[in-house]
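Structural description and commentary
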Amino acid sequence: MANFELIVRYNSPVAEFTRNILLLALPIWGVAIPTVCIFVCIYMLGQSGYSPTLIISSIGLLIGISLACLFACITLMDTRIIVSKNGLRLPPFLTLFSANCNEIPWAKISSLKLQSSLASEQSRMQISALELIFKLADKDEIALGVQNIDEGDLEKFLLALNVWLPETIRDPKLEALRGKLNTRFTEDQTPSYTQIWQD
């Protein structure tokens with residue numbers, strides 16, 4: 001258990017869409033803009049009558065756009081949730097606006113809630129509507145959409161949280177979710193009448 005490490009992929013549709021757009025636009029922000037900046041600098045060196053401040057500001061803006069796109073692309077590439085004895089390491093795009101929350105020690109998690117966006121009691125445990133809400137000691141909150149984690153990985157993830165987080169801060173509904181996942185897995189593994197007959 002001391003060297004235990006679990007890697008779970010967090011497949012956010014929004015992050016994947018944004019990453020794909022940035023990769024499609026790579027020839028623009030990664031090639032065209034830097035090339036234009038170089039040629040403009042070379043051209044301006046042999047000219048006079050241009051405002052250096054305007055030129056430097058324009059080139060700085062273009063380079064800033066390229067660097068921002070590069071940073072966003074790199075940030076969106078890492079989709080791993082890493083669980084270890086030291087705590088949770090979340091994908092950078094989930095904690096971009098949270099100070100020092102990329103790696104969260106277990107002691108920093110004050111509670112873990114399972115929350116549904118549906119009002120109906122019958123529908124509240126639909127996986128597509130569930131979120132894991134991590135409340136941190138500094139009052140910050142991080143939400144993980146359950147539907148963005150493959151069911152096989154989700155069951156392992158919940159088991160790891162069960163091991164490393166004290167029972168007092170875990171939502172009791174997490175056990176119900178684990179039970180639901182176990183039931184679905186058992187049903188998927190149970191052969192149908194037709195399969196048995198064909199065998």
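Residues numbered from 1 in each chain as written. Predicted model: local features only at pLDDT ≥ 70, side-chain atom pairs only at ≥ 80, totals over all residues. Heavy atoms only, no water.

Our next topic: the pairing of strand β7 (residues 141-145). Judged from the five bridges that link them, strand β6 (residues 130-136) and β7 form a sheet pairing that is antiparallel. Each residue of the ladder has a partner; that of Leu132, found in β7, is Leu144. (Pairing = 2+ DSSP bridges. Helix = DSSP H or I, 4+ residues; strand = E, 2+ residues; numbered from the N terminus.)

For helix α3 (residues 52-77), with 26 residues, the first-to-last C-alpha span of 37 Å sits near the 38 Å given by 1.5 Å per residue. Those residues of α3 that sit buried are Ile55, Ile59, Ser66, Cys69, Cys73, Thr75 and Leu76. (Expected span 1.5 Å × (residues − 1). Buried < 20%, exposed > 50% of the residue type's maximum accessible area, 1.4 Å probe, protein only.)

Counting 42 residues, the largest nonpolar core has Ile81, Leu88, Ile109, Leu132, Phe134, Phe157 and Leu161 as the members making the most contacts within it. Ignoring any residue separated from it by four or fewer positions in sequence, one finds Ile109 in contact with Leu88, Ile104, Phe134, Lys135, Leu136, Leu165 and Ile169. (Core = buried A, V, L, I, M, F, W, Y, C linked by side-chain atoms within 4.5 Å. Contact = heavy atoms within 4.5 Å.)

Another point: the confidence of the model for the chain. When pLDDT is averaged along the chain, the result is 82; 81% of the residues meet or exceed 70. Below pLDDT 50 for its whole length, residues 190-199 participates in two contacts with residues either more than four positions away or in separate chains. (pLDDT = per-residue confidence, 0-100.)

Scanning all chains against the criterion turns up zero disulfides. Looking at the unpaired Cys69, the closest cysteine sulfur is the one in Cys73, lying at 8.7 Å. (Disulfide = S-S within 2.5 Å.)

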